[in-house]
Amino acid sequence: MAGFEPQIIAFCCNWCTYAAADLAGTSRVQYPANVRIVRVMCSGMVNPIYVLKAFEGGADGVLIAGCHLTDCHYIDGPVKCDAAVDKLRKMLHVLGLEDERLRREMISTSEGVVFARVIKEMVEQLKKSGPSPLKVKMEALA
Amino acid sequence: MEEIRIGVYICHCGLNIAGTVNVEDVAKYTATLPNVVVSRHYRYMCSDPGQDLIRSDIKHLALNRVVVASCSPRMHELTFRKTVESGGLNPYLYEHANIREQCSWVHDDRKLATNKAKDLVRAAVMRVHHHEPLVIREVPLNPNVLVIGGGIAGMQASLDIANGQKKVYLVEREPSIGGRMAQLDRTFPTLDCAECILTPKMSDVGHHPFIELLAYSEVEEVSGSIGDFKVKVRKKARYVDVDKCVGCGDCEEKCPRRTGSEYEMGLAERGMAYIPFPQAIPNVATIDRREERPCKAACKEACPIHMNVLGYASLIKEGRFEEAYEVIRRTNPLPAVCGRVCYAPCQEACNRGQFDEHIAIRELKRFAADQELKMGKGKAVPVERTKEEQVAIVGSGPAGLACAYDLVRQGYPVTVFESGPEAGGLLRWGIPEYRLPKKMLSNDISYIQDLGVEIKTNTPVKNLSEIFDQGYKAVFLGTGAGMSQRMGIPGENAPGVFHALDFLKQVNFGVEVDLGSKVAVIGGGNAAVDAARVARRLGVEDVTVVYRRGRDEMPAIPSEIEEMEHEGVKIEFLAAPVKVLSDNKGVTGIQCIRMEMGEPDASGRRRPVPVKGSEFTIEVDHVIMAIGQSVDKAVLPEGLAYTDWGTLSVDPVTLQTNIDGVFAGGDVVSGPADVIGAIATGKRAACSINAYLRGEELSIEEGGKVEKLSEEELARIKQRFASRKRVRAGKLEPEKRIDSFEEVEQTYSPDEAQEEAERCLASMVEGCFECGECKQVCEAKAIDFEQTDQIVELEVGSIIVATGYDQFDSSVIPQYGYKRYANVLTGLEFERLTCAAGPTEGKILLKDGRPPESVAIVHCVGSRDQNYHEYCSRVCCMYGLKYAHLIKELANAEVYEFYIDMRCFGEGYEEFYKRVSEEGVNFIRGKVAKITDEAVIDEEKGKLIVVSEDTLLGKMIRVPVDMVILCSALEARSDAENVARLFNLNRRADGFFLERHVKLDPVATPTDGIFIAGCCEAPRDIPDTVAQAEAAAAKVLSLISKGTVTLEAAISTVDEAICHGCGRCEEVCTFSAPKVISKDGNLVSSINEALCKGCGACAVVCPTGAITIRHFTPDEILAQVAALTEA
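Cut-offs used in this document
- Residues numbered from 1 in each chain as written.
- Chains lettered and ligands numbered in written order.
- Predicted model: local features only at pLDDT ≥ 70, side-chain atom pairs only at ≥ 80, totals over all residues.
- Heavy atoms only, no water.
- Contact = heavy atoms within 4.5 Å.
- Buried area = accessible area lost by both parts, 1.4 Å probe.
- Salt bridge = Lys/Arg side-chain N within 4 Å of Asp/Glu carboxyl O.
- Polar contact = N/O pair within 3.5 Å; in protein donor to acceptor, adjacent residues only side chain to side chain.
- Helix = DSSP H or I, 4+ residues; strand = E, 2+ residues; numbered from the N terminus.
- Nonpolar A, V, L, I, M, F, W, Y, C, P; charged D, E, K, R; others polar.
- Core = buried A, V, L, I, M, F, W, Y, C linked by side-chain atoms within 4.5 Å.
- Buried < 20%, exposed > 50% of the residue type's maximum accessible area, 1.4 Å probe, protein only.
- Pairing = 2+ DSSP bridges.
- Axes fitted to C-alpha atoms, helices over the stretch in contact; angles between N-to-C directions.
- Phe/Tyr/Trp six-rings, centres within 6.5 Å; stacked < 30°, edge-to-face > 60°.
- Lys NZ or Arg CZ within 6 Å of the ring centre and 35° of its normal.

## Thoughts on the interface of chain A and chain B
Counting residues at the interface gives 48 residues for chain A, matched by 47 residues for chain B. Together chain A and chain B conceal approximately 4,000 Å² of surface at their shared face, both sides included; 58% is due to carbon and sulfur atoms. The largest share of the area that chain A buries against chain B comes from Arg36, Arg39 and Tyr50 of chain A, three residues that together contribute 15% of it. Applying the counting criterion to the chain A and chain B interface returns 3 salt bridges. Seen at the junction of chain A and chain B, the total is 20 residue pairs in polar contact (both at pLDDT 80 or more). Breaking the side of chain A that touches chain B down by element, the ones donating at least two residues are strand S1 (8-13), helix H1 (17-26), strand S2 (35-40) and helix H2 (48-57) of chain A. If you tally residues by element for the side of chain A that touches chain B, the top one is H1 of chain A, at 7 residues. For the side of chain A that touches chain B, the per-class residue count stands at 27 nonpolar, 13 polar and 8 charged.

## Examining the nonpolar core
Within soluble globular proteins, side chains that are nonpolar tend to cluster in buried spots. Residues and elements named next belong to chain B. One finds Tyr312, Ile316, Leu364, Ile393, Leu407, Leu477 and Ile689 to be the most contacted residues of the largest nonpolar core, which totals 106 residues. With 9 residues, helix H24 (residues 675-694) is the single largest residue contributor to this core. The residues contacting leucine 364, other than those within four sequence positions of it, are Tyr312, Ala313, Ile316, Ile359, Tyr748, Ala753, Glu756 and Ala757.

## Thoughts on the sheet that holds strand S39 (residues 922-925) of chain B
All names here are of chain B. Strand order in the open sheet formed by 5 strands is S36-S43-S37-S38-S39, and the pairing between neighbours is parallel. Looking at which strands have only one partner, the edges of the open sheet turn out to be strand S36 (824-826) and S39. Recorded for the sheet is a direction-independent mean angle of 20 degrees between the axes of neighbouring strands. Where S36 and strand S43 (residues 963-968) come together, 3 bridges link them in parallel fashion. Among the inter-strand pairings, threonine 826 is bridged to a residue of S43, identified as leucine 966. The sheet strands contacting helix H29 (residues 827-834) are S36 and S43, and the helix crosses S36 at an angle near 95 degrees.

## Here we look at the packing of aromatic side chains
One pass over the structure, following the stated rule, counts 20 aromatic pairs over all chains. Aromatic pair tyrosine 871 of chain B and phenylalanine 992 of chain B: ring centres 5.5 Å apart, planes at 75 degrees, arrangement edge-to-face. Placement of tyrosine 871 of chain B in the loop between strand S37 (854-861) and helix H30 (876-890) and of phenylalanine 992 of chain B in the loop between helix H32 (976-983) and strand S45 (1010-1012) is noted, with a sequence separation of 121 residues between them. Residue class for tyrosine 871 of chain B comes out buried when judged on its relative accessible area of 14%. Residue classification places phenylalanine 992 of chain B among the buried positions, given a relative accessible area of 1%. Among the aromatic residues, ring-to-ring pairing joins Phe188, Phe905 and Tyr909 of chain B into one connected group. Looking at arginine 28 of chain A, its charged tip hangs above the ring of tryptophan 105 of chain B, at a distance of 3.7 Å from the centre. The ring centre of tyrosine 821 of chain B lies 5.0 Å from the NZ or CZ of arginine 820 of chain B, which sits over that ring.

Laid out in structure tokens, this is it:
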């Protein structure tokens, strides 16, 4: 599996993590180019369908990241997000996707470095895990 | 459906994007995507020609969708929405791809970055296919403004807005506005006095018709959004009626508790009732009451004169004995007397008694009085006579003296007429020396005389009209109840039968009395006990007290009975004399009869009844009758009315007798009673006489209820405090007592007194413990302990947060010795030293009062230090220079500035640096390693040694100095996190609030309508703070000037055709935006657009997909995700 470059879709909340990713940029903190960010207004806005769509499309990992529990622009978005992620994990299990393919993080505006670190960690982890089994199956079917 | 025609624009951003991403390649690729009509790349898309490019393409190529790939949408999404809008399209038919912050700046591999950019642009193109035009709504903006923080930033912003005649609510957490700047002495580089330039502003804020100041208040809750914020503010109880308070400061002066003044940085003390500084706005007192005291101060309520027990106990605890005496003196005319002979109902009531043992309150009072006498300070300052009307007091017992004491202190000329040779009444001739030494009594009385009360001894008053003829306008009768009652039994008049008071009087006046060897004392009151104990001291071997009831019923003070028994006196309980036996030589015995306790009578007290045939005889030489006293009408003037009990008849409220202007109190009214009760009526009569003479309505404040602790309260106390027994005062050995009249009870030593006072539960809380001293001294009657916090609800359209900074706690750098070495100060502490109104009146002094000969100023303490704060605090270099100049000017001491770099960037700053350099200040470039008092050579002895590297010399140096000033960092407020949450602000990693854009939007925040100013955003000096405040005010005024706000268009919408009205959306929404309603007979969800914030939670839980968020629809996001994973 040498040279495998995992593909990651990151759903980032507009107020915290998306701004953290911007801060990583303005601070020129480097991280692997494997990630593609989808901006959402709130982590609680991430519909499980979006995540399933990402895996269906061949993503090897998905990150859902937003504000810390106490920082939410909409007061309790992270709580709603956590509830959705719990359900999502069960669905992923049914689909045969390992737990580490979905990562849930809380990264505040000032944590550009944390964002970069999380992406690095995910890429390393997913390199070990290999391509998404769903992608492998879909490719076999095709 | 209209054909989709997309224009795509890839920005180079100079080399910011183009340096890493092959923009040409991306543009070429994009052109191949579906419905892309044009794909261009350009150097700066945000520039005017860049935007013109888009507008021109919309026009000429009939574009109906636009994608720009450039920097973060947080930067320029709005710019390009406006561009497409001005080009004739709905602004929401636009999508932004972030290929700078999230691509070119974070990846250095050109190929990977280019591929990622292509993915991102493709996703944007696929997304924009689904965009729909959205309507932008405008709603009116509430022109009222809320400003948080009353420092220079908050004040300046408030004034700017209020001068524009817009209403400002200014909320300040502290009792006064002024903030940090009010603590500063002089300001760099002009050295003008901070207060002089600040206080006019404070005053303006206080009086401005458009500013409503909510000082001593905190914001509790903020809801709503720009244009329409609803804010709940807690107005903390000051326990002072601000409308009545005149700011005189009497309450603070008389407050018995002290704590470090926040304003003086702990270098001076303030009371629990206090005004933080003389120029405070609002200039009213605040009572620093932090928690309920654990006990209910029942002592105070139980005391007939409501003495401030907790006040003086607390002062004794702190070793402030003189002040304790003053507190006692304020209510009690006879401290040394009451400290000895009071029956102390306070102790009985003391709620510590429920826990372990009551506090020895009487002993503490006695200690304070004796200590004062011992120190020789118990002398009074004469009171100025402010009133004309002379008052005559007849009788110099406790009632008369108390009345005289209170009247003379109100400015009345007072004369006391005493029929006997010395003043004091029963206290002098009725109480034995071993209980109340005459010296102590005389001392208390001389204090009253020193105040200006004239006492005329050997002057009986028989005729009241003579008194009035002499010019007296009111009379108080306190002649007591000095006539011994008779039993009416056979033999009562035999020689050898004494009456207790006559007996005690003779002994007290030094008359020799021979009692033989066996004495019976009849009675159970204090006079009986006194007589028995005196008899023992006169050498009588066998003394028996005969009392008709049991021990529990004995009215004498229990401890006195106990001591009497220790001295060998026997008690015959339940026995009553029926006959005194005598022969021609005198008494031979006393015949008694046994009693038993009968049924309770009407008063509830069980009456003793004789047991038939139980007579017995006690052989004695003498009998002392102590069965009570009554009023001797013979000593009173004529014309007075009496009650059926033979006491003077008075009005129960005013204490006035049947004769106008004649008042009475003490035993002559109550019949024989206790000292403190007599004092209480004397004091009450003084109030009444004052009201009578002034022609005012009499108002006497009655005390509260004596309350016990509930079970839960007691349980809490047991949990919180350890049990500790009372400190017992020393007592004279019983063997030694009977040979002399030396005082039995000893006074506490200072250590004992402090130890005992520590047991007072009330004084165990921090802050005010509601002793009520302030209430007593406040002439405006402004103190109100019943006050509670008030919640004020405000409606405002915009908010400015200007909450300031905290000073870094330098003690966390242990090697600098702050708080360990007395002469290591922080900057703010030093500010107070040079301030003329400060604790040293502007003198730079060491802790021992000497002026320093050398001072070191250490820069960057906690700033520019990876271990604490990496940032520069921006003001330290300049105030360090200011200190150097002031030390040179005021103390002419040697100054050493230890700096890393000198940062003197503002107007006149560099010039000031040059000026101070020329004043002979030693500049040493190097970071201080440590400050120590460990001397290595003789010159260092007794000094603080600053150990540092001198980087210009390249070697370590040791500089011995007297004083060190640490230029401590400015840091974010410790509660900045809470404030951030309250106002939906973001914070940087250093804890300060984040502005919307560091360069281009420095006072706005990511939350619309909320602005920041001053040091809550970052450390800055006064000019910059003021400029920022003015900027924030301008921002707010421009919002108000426009008058409306544009609301978020990206909010929820319901497809009613598929909505079931299940209500899941209603359950999940934090803002109550969706409501299920009945429409045409169907249940459907309906969104209140004013409440919807567009968070999207409802759309996630909607089981049918009926709810979507505009601009974040599943179609849009799924298209984007699909496009991203396609590669």
